[in-house]
Amino acid sequence: MHLLLLNGPNLNLLGQREPGLYGHQTLVQIEMALCERAAADGLKLDCFQSNFEGALVERIHQAMGQVDGILINAGAYTHTSIAIRDALLGTAIPYVELHLSNTHAREPFRHRSFLADRAIGVITGFGPTSYDLALEGLVRHLRKSVLGGEG
């Protein structure tokens, strides 16, 4: 199974940016740990981060026919990007939306997601563990849909 992890704007600043809210782990540390976990489960995981909406859209397009599922922390684009939503829907790649912080316990503008209604699921508020939970949920969903049962 081949998966793609997408991280949006400012996530490259993890470890420095508001550590009380986002924690002390860097994005590289989170990605490395998730890649190790994926490999231990026999999965291939590619990681991509960009501060540019168009780069994220392009990477989603490139993933069509190449990956089985997407994990996406679109950062602030979660609340603003119809382009990322359209790319995800246009490629029809199953995806899980995830966030380090509980977006519903934050500013009102963060309560709306343009991705959530079509996601397999949304994981929010568990810090770096959100990535592990999203990976587990996506893999279980994909295995269930392929095998027709729990997997």
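Please read all numbers here as calculations on a predicted model, not as lab measurements. (Residues numbered from 1 in each chain as written. Predicted model: local features only at pLDDT ≥ 70, side-chain atom pairs only at ≥ 80, totals over all residues. Heavy atoms only, no water.)

A. A look at the sheet that holds strand 5 (residues 121-124). Reading across from one edge, 2-1-3-4-5 is the order of the five strands in this open sheet, with parallel pairing throughout. The open sheet terminates on both sides in strands that have one partner only, identified here as strand 2 (44-49) and strand 5. Ignoring strand direction, the axes of neighbouring strands in this sheet form an average angle of 20 degrees. Here five bridges tie strand 1 (residues 2-7) to strand 3 (residues 69-73), and the two strands are oriented parallel to one another. Of the residues in strand 3, the one forming a bridge with Asn-7 is Asn-73. Relative to the sheet, helix 3 (residues 53-63) contacts strand 1, strand 2 and strand 3, its axis offset from that of strand 1 by approximately 175 degrees. (Pairing = 2+ DSSP bridges. Helix = DSSP H or I, 4+ residues; strand = E, 2+ residues; numbered from the N terminus. Axes fitted to C-alpha atoms, helices over the stretch in contact; angles between N-to-C directions. Contact = heavy atoms within 4.5 Å.)

B. Expanded view of the pattern of salt bridges. A full pass over the atoms with the stated rule returns five salt bridges. Here Asp-132 and Arg-37 are joined by a salt bridge, their closest N and O atoms 3.7 Å apart. Pair noted here: Asp-132 is in helix 5 (residues 129-147) and Arg-37 is in helix 2 (residues 27-40), with a separation of 95 residues, a long-range link. On the basis of relative accessible area, Asp-132 is assigned to the partly exposed category, the value being 28%. Its salt-bridge partner being Arg-140, residue Glu-136 comes within 3.2 Å of it at the nearest N-O pair. Of this pair, Glu-136 and Arg-140 both sit in helix 5, separated by four residues, roughly a single helical turn. Glu-136 sits in the partly exposed class, given a relative accessible area of 33%. You can call Arg-140 partly exposed: its relative accessible area is 46%. (Salt bridge = Lys/Arg side-chain N within 4 Å of Asp/Glu carboxyl O. Buried < 20%, exposed > 50% of the residue type's maximum accessible area, 1.4 Å probe, protein only.)

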